[in-house]
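# Architecture at a glance
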There are 2 protein chains.
Amino acid sequence: MSEEKKYVYHFGGGKAEGNASMKNLLGGKGANIAEMTNLNIPVPAGFTITTEVCRIFSENNGTYPDGLDALVKTALSETEKIMNKRFGDTTNPLLLSVRSGARVSMPGMMDTVLNLGLNDDTVKGIAEQSGDERFAYDSYRRFVQMYGDVVLGLKSKTEGGGDPFEELLEAKKKKRGVSFDTELSAEDLKELVREFKAIIKDTLDIDFPDNPEDQLWGAIGAVFKSWNNPRANTYRKLHNIPHTWGTAVNVQSMVFGNMGNDCATGVAFTRDPSTGEKRFYGEFLVNAQGEDVVAGIRTPQPINNAQKGDRKLQSLEEVMPEVYEELVSVYKKLENHYCDMQDIEFTIEKGRLWLLQTRNGKRTVRAAIKIAIDMVKEGLIGKETAVLRVDPAQLDQLLHPNIDPLAKKKVIAKGLPASPGAAVGEVVFSADEAEKEASDGKKVILVRVETSPEDIHGMNAAEGVLTARGGMTSHAAVVARGMGKCCVAGCGMIKIDYEKKTFKAGDTVIKAGDVITLDGGMGEVIKGRVPTISPELSGDFAQIMEWADSYRKLNVRANADTPADAGIARNFGAEGIGLCRTEHMFFEENRIKAVREMIVSSTKDERIKALNKILPMQKGDFKEILKEMAGLPVTIRLLDPPLHEFLPHKYTEIKEIAREMGVTAEKLKSKVDGLKEFNPMLGHRGCRLGITYPEIYEMQVTAIMEAACELKRESVQVRPEIMIPLVGEVKELKVLKEMVVKTCDDIIEKCGVKVDYSVGTMIELPRAAITADSIAQEAEFFSFGTNDLTQTVFGLSRDDAGNFLSDYIDKGILEHDPFMVLDREGVGKMVKIAVKKGRGVRPDIKLGICGEHGGEPSSVEFCHIIGLNYVSCSPYRVPIARLAAAHAALNDKDDKQG
Amino acid sequence: MSEEKKYVYHFGGGKAEGNASMKNLLGGKGANIAEMTNLNIPVPAGFTITTEVCRIFSENNGTYPDGLDALVKTALSETEKIMNKRFGDTTNPLLLSVRSGARVSMPGMMDTVLNLGLNDDTVKGIAEQSGDERFAYDSYRRFVQMYGDVVLGLKSKTEGGGDPFEELLEAKKKKRGVSFDTELSAEDLKELVREFKAIIKDTLDIDFPDNPEDQLWGAIGAVFKSWNNPRANTYRKLHNIPHTWGTAVNVQSMVFGNMGNDCATGVAFTRDPSTGEKRFYGEFLVNAQGEDVVAGIRTPQPINNAQKGDRKLQSLEEVMPEVYEELVSVYKKLENHYCDMQDIEFTIEKGRLWLLQTRNGKRTVRAAIKIAIDMVKEGLIGKETAVLRVDPAQLDQLLHPNIDPLAKKKVIAKGLPASPGAAVGEVVFSADEAEKEASDGKKVILVRVETSPEDIHGMNAAEGVLTARGGMTSHAAVVARGMGKCCVAGCGMIKIDYEKKTFKAGDTVIKAGDVITLDGGMGEVIKGRVPTISPELSGDFAQIMEWADSYRKLNVRANADTPADAGIARNFGAEGIGLCRTEHMFFEENRIKAVREMIVSSTKDERIKALNKILPMQKGDFKEILKEMAGLPVTIRLLDPPLHEFLPHKYTEIKEIAREMGVTAEKLKSKVDGLKEFNPMLGHRGCRLGITYPEIYEMQVTAIMEAACELKRESVQVRPEIMIPLVGEVKELKVLKEMVVKTCDDIIEKCGVKVDYSVGTMIELPRAAITADSIAQEAEFFSFGTNDLTQTVFGLSRDDAGNFLSDYIDKGILEHDPFMVLDREGVGKMVKIAVKKGRGVRPDIKLGICGEHGGEPSSVEFCHIIGLNYVSCSPYRVPIARLAAAHAALNDKDDKQG
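A brief report on the enclosed structure follows. Everything numeric here is computed off the predicted structure, so don't read it as measured data. (Residues numbered from 1 in each chain as written. Chains lettered and ligands numbered in written order. Predicted model: local features only at pLDDT ≥ 70, side-chain atom pairs only at ≥ 80, totals over all residues. Heavy atoms only, no water.)

### Structural notes on the interface of chain A and chain B
On the chain B side, the residues contacting the 46 residues of chain A number 48 residues. Across the chain A to chain B interface the summed buried area is about 4,200 Å²; carbon plus sulfur atoms make up 57%. Three residues, L682, R767 and I813 of chain A, lead the burial of chain A against chain B; their summed loss comes to 16% of the area buried on that side. Taken together, the connections running from chain A to chain B amount to two salt bridges. Here D823 of chain B and R767 of chain A are joined by a salt bridge, their closest N and O atoms 2.6 Å apart. For the pair chain A and chain B, the interface holds 22 residue pairs in polar contact (both at pLDDT 80 or more). Put simply, the parts of the chain that give the side of chain A that touches chain B at least two residues each are helix 27 (687-692), helix 29 (730-751), helix 30 (766-770), helix 32 (786-794), helix 33 (802-810) and helix 34 (824-841) of chain A. (Contact = heavy atoms within 4.5 Å. Buried area = accessible area lost by both parts, 1.4 Å probe. Salt bridge = Lys/Arg side-chain N within 4 Å of Asp/Glu carboxyl O. Polar contact = N/O pair within 3.5 Å; in protein donor to acceptor, adjacent residues only side chain to side chain. Helix = DSSP H or I, 4+ residues; strand = E, 2+ residues; numbered from the N terminus.)

### A short note on the nonpolar core
In this structure, L395 of chain A together with L395 of chain B are the most contacted members of the largest nonpolar core, which totals 293 residues. The contacts of L395 of chain B, once residues within four sequence positions are left out, are V365, I369, V390, F541, M545, P879, I880 and L883 of chain B. (Core = buried A, V, L, I, M, F, W, Y, C linked by side-chain atoms within 4.5 Å. Buried < 20%, exposed > 50% of the residue type's maximum accessible area, 1.4 Å probe, protein only.)

### As for the pattern of salt bridges
Summed over the entire model, instances satisfying the criterion amount to 121 salt bridges over all chains. Across the salt bridge formed by K436 of chain B and D440 of chain B, the nearest N and O atoms sit 3.7 Å from each other. Judged by relative accessible area, which is 54%, D440 of chain B ranks as exposed. Salt bridges here are not isolated pairs; linked through shared partners, they connect K172, R176, D188, E191 and E195 of chain A.

### What to know about unusual backbone geometry
All names here are of chain A. Despite not being glycine, N40 shows a phi value in the positive range, around 65°. Secondary-structure assignment places N40 in the loop between helix 1 (23-38) and strand 3 (46-49). For N40, a relative accessible area of 59% corresponds to the exposed category. In this model, D205 sits at a positive phi of 60°, which is unusual for a non-glycine residue. Mapped onto the elements of the fold, D205 is located in the loop between helix 7 (186-204) and helix 8 (212-226). For D205, a relative accessible area of 61% corresponds to the exposed category.

### Some remarks on the sheet that holds strand 3 of chain A
Residues and elements named next belong to chain A. Spatially, six strands are ordered 2-1-3-8-6-7 in an open sheet, and the strand pairing comes out antiparallel. What marks the edges here is a single partner per strand, and that holds for strand 2 (15-16) and strand 7 (112-116). The pairing of strand 6 (residues 96-102) with strand 8 (residues 247-253) spans seven bridges and is classified as antiparallel. The residue bridging A102 from the neighbouring strand is T247, located in strand 8. (Pairing = 2+ DSSP bridges.)

Okay, here's the thing in structure tokens:
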């Protein structure tokens, strides 16, 4: 070791080496445990091995940095001192938990080992100390089972995929004639430990490690390795968490919530994570280990009487009033300290409260907004922080439709309202089916008894999730809330039959493929399709957006092709239209015929004749859109897709359409064949069409400008911006701009009104970016078409990338799908070059982005950083972009101050 | 006019305002006329209107700069003074020619008007002065005809496309019962003038302008406009001449070669333009206008006795010995002055010699080389100039195969050996057919009575050209030589029947589609296909290449996929292989089966099994290639194309191949469908295959390194360079390089030999260029794949661009096809960025180019300028690249000195 490096941080006894600011190094859990320790909150002592070790471990094929063992040894003996126990001691043994803890929480994604330190000798010490032999051997049994699975990987190496431990456990219960684990005797459990070890030896040819130190290093290695397991990778992919962050490992003294009825374990939120209401909210189980609550297998009890309502369950406030009081004082201390809603885990061991974890609690966006605004009112945080507390990506939840309250509906079951919103879809009973059906374009509801991390991909694919078991903090509930997906959990009224692919709710039988509706806000399961409505955005929402708007620098526009979309966009606060695609209009039933006639024309005159039929229709469209956006700029892009997109491709269709058009099928077929392209993305499209068939663009410009002039006559304020797509060379733009300006000015003169318009271009080809200085001599604005720019910069077809892009992300070659999150390294660099060159030539050039990225928070941040004037995104993402722009501006300010 | 600008340059009487260095402004013809004037060579007086006026005229919709008319008036009066005649005078009228003259010669491409200044009054002056009324009216008739066609555009506006002037002429001859124009009387011609003017009035509703000044401005405008006519555009496209150069207009006093038998007109070369031999070489016609010689309608007479040989024609040396002597002294003066072979035009008017033009003569490359070397020996030029005198693009001619001298052949006709080389192809009888058939991949020979500028596109498409009429300086001969295309001209023995699409040579009838062979060096027309052989490169060639090699800085490598190609490349002086594509080998009959087996595999194990069958074959290939290139570097690119390229696509083929493979047609079909891509260019190819199926690349690397090690054991020096294609992100390269290095090092260790190898990448995606600094951390070399880089930078599919790229070039939006000539503005800028970033990180990184551009002279120059280490091109283009690299280095040196 070249230099003594601090890889291990100790905590316990009111003093910790770390603190809450060290999340990157210690992980969220480790940093907060240290912080709590420093706050004099009772935390079992232990130590954290840093995320840096994880990185070294991953990069060096599972080797630790030199000297780590000595550091761990020192920290362990500190822990022994504070807890007054000794690791591996036979009379007074210290048991440990070994848990993962990344920079951000990844619930259930990585591995954990509990009760570590037990062997045939130490178990006796535990039995004696606890006075409960059954408990000791149950802990031992659990430990061997967990270690055998997590560290030694027995289950994954078992043929057929069954769980041999569970099989032995079931066999034992059967043999004893009992139904529950708790009914097994200490002797039974002792036998089970032996049987467990034997099957490990049989299957894996490994002796179960009896030496506690070997156990410890085995567990540490397993947790570091679990950072790279497939479900953790999937989770990170879904949540845009870089693979390079790594996890820390927290080694902590065990405390037991399952040592008898004076013990308990629970989780709680300092405010309601679903609504944001200011009330202490949690669940606990008497005589249980922590995992039992989260796993959702036993239905937990409410933490206090307020929450209990008229349920028969007993609350913690009733069962252990003093401990509850202590817990209340701890949660208040924590919330006041962190100035944020906390999600805490606690264990009560023989009447003594231990805090195992605190972290900022996950919440619905509705809750996030309410909590942020309340905390401003309470003086806990400022407005800037409040804005930053709401995750722009989560806003989607609010903007999704809900069940129409006036609709008739047949509620067939009720469960917990685990994640708000409404979802309609066909029932499927497995994650794989959900993914498959969704990829075929179907909307599905995933119905499971309970969900596990293996189901993540299916939950992601589904519209909503329904589970029969588990509470508000069960896997299904937590994950669905994170995804902004509607979820009804713990719906014990339904009986699921995976084999028959049906579920029963009372007398109603629902088969796979039947449509149901979920109301995640009410916890209702409804038969059939129920109408949904756009959400009434709350006053809180308006408040937070108002604050956000006051900070952001970027303008936010929408991509909208129809007056209806334009209306929605304006309602969501769009400050203009950044992309109005004109081809959409070409596809409409009553005009596609004229479009095809135009394409099949052999001469320019024929083409103009057909175009003249389209002109009044396009003009009508533009009139409506410009009117809807009165006073705001509307960027209209001239025809972009290759002409073959408008023609039929199957011979039967060709025959039919040829008959309709009154041409021979052969003529139409030969036109279709002639227009076929090897790489349509790189083909005869965009302004290339305008160069070959100037009459098409001329018609479109005429439609735009006549619409504008007519509205202007009616005193409607119009601000059309005419955009030429796919320019790669300034002369393309020059030629077409000349035509546009001449056409517009002629119409304006004829109409005798004054209409301000501008002419600009998409920057969506690398050549456009790299010659942006030339192009800016002609263009009055640039709109970065980052969809196509991503395709050309990467040389990657969006339509084909699906086959291998996931490989790239799984293997860590790319951090994100570049079509979702703007690639700053490559595409972003091209955009920056174009911005610099464009502004260099024309300082007042208007710069915006209209690719899908315009509504993705990290991409919006990039647009802010490089100084664009606006982003443009789909109407429903406008609020997301507004908030993301505010975040970008606020974070930028922080950086500048910092 | 804001400032007095010099738009008009006068010449005549031994004094000129311009000189030879002013070609850009005055055009080649104008600059040389001025130079000749200053050399005291007899040149008819006149003036040149500059190319700048052409540019202004083009850009301002046909408007001249202010004040031009005054400048022309002044120059005209100067001319009148020197020639002692007056423009428009009825007794002593000055007649003018108005000709185009661009920076480089574009023979026959633009318009010319002769005899300008004639009207019903001035014609009488000419008749009186010449003492030949018939001559005067014939000139008048020719003038009206030419003006009506060129300036007024009668022909193009005539329905049915006939030539009404020719029809009237034919009718007149028929009426008079004569066969030749020369048999018509002065009265007949006078009538024709009237009839010509009448038909102009009838068809165009224009009065023929009688005012000489109106005539002059009409002609000037027509010449400027002709710069943009379609055939001039085509010519410029073929010869890479920028549209922006424009043409000058030369207005010059007429002198007449057709005023009687003491008059003549001719063209001559100061050395033989075909072989380079040092002999005065030319053709003339007695009593003719200059156009008659070039047009190839009358077969011209040889200029001197040496050239005459045993032909019956009389030479100029015989007919006018004194004028011949004067001409000899003029040509020597010119050659010594210009230090280059001159192509001159002269007219003899009543025994007096006038020089109309001199310019550097076009020549075959064989002649260019010989002349350059001879002139070095004669002390006229230095070696550097000699190297610069040989056009790299022209070298192609030398490198094309010639007829095997030992082959049996049936010569069916003999003509003039107008342009050397051999050509084999199917006979076609029109330029359009030639183009069509060639675009279908056929090799064709264009057979025409004579060619005209309208035939250029067909000549370009054909392998060779055969004409029945015209001399060595006819249109067909000149253009074919310029194109480096084999041509047999003036083959009077063949009788062409366009209607039946046949030609007869003696008893032999050749139909369209029959194969013939041309020997352009011998002037032979041969029935059927004759074997051809690679040319014996002359000692002169070796000499000039040796000089070239001593100047160039760039290394030159070849793109070669087979040992045979590698051998040819080495023979042509390649200094390594810059691109060895491995997919070529996959397609070979005996291995495609294993490749398909590999693709259809469902598991990695199956895939590896199939790959193991391919391994020994690939190894054999690499062994042969590495051996062929012993001592030189060989860059081998791992598999690049998408896998679907190796599978059948038609269902009948799929069925057959599935049977062969022993799988069901459905399985194969579903694989084929699964691999289908929307944009294969942007699809699952290049290193993306290596990421998904590492075993494919592993097999290839194993084959390379085992081949290298086995050769090394046999003491063959091997220098393999392993190249990863389509990298866009450094991590792709990192992952694959790790595999390559591990595989190679394992094999090297196992074999116990030392093999130096390197690992690098193609830079063919914009993202690779823009992140070249990161990529250079892994790559030991960059090879710029400018084919794909051009596609992605432009967003332009090479396979689809054909539909509209010609539009772009016709409309002047692009100067060149960017797939032929590297686009410096866009693609070049990306390459420069990558060079800078790459060298910044790894100063000794090896940089090369392996796209088609590597053998294109202007692109080679660019590679020199930006400091690449090498270019790599197809084997036959290696000498071109070597010479182009020398030009680049020499021109660079000039720049630095200048």
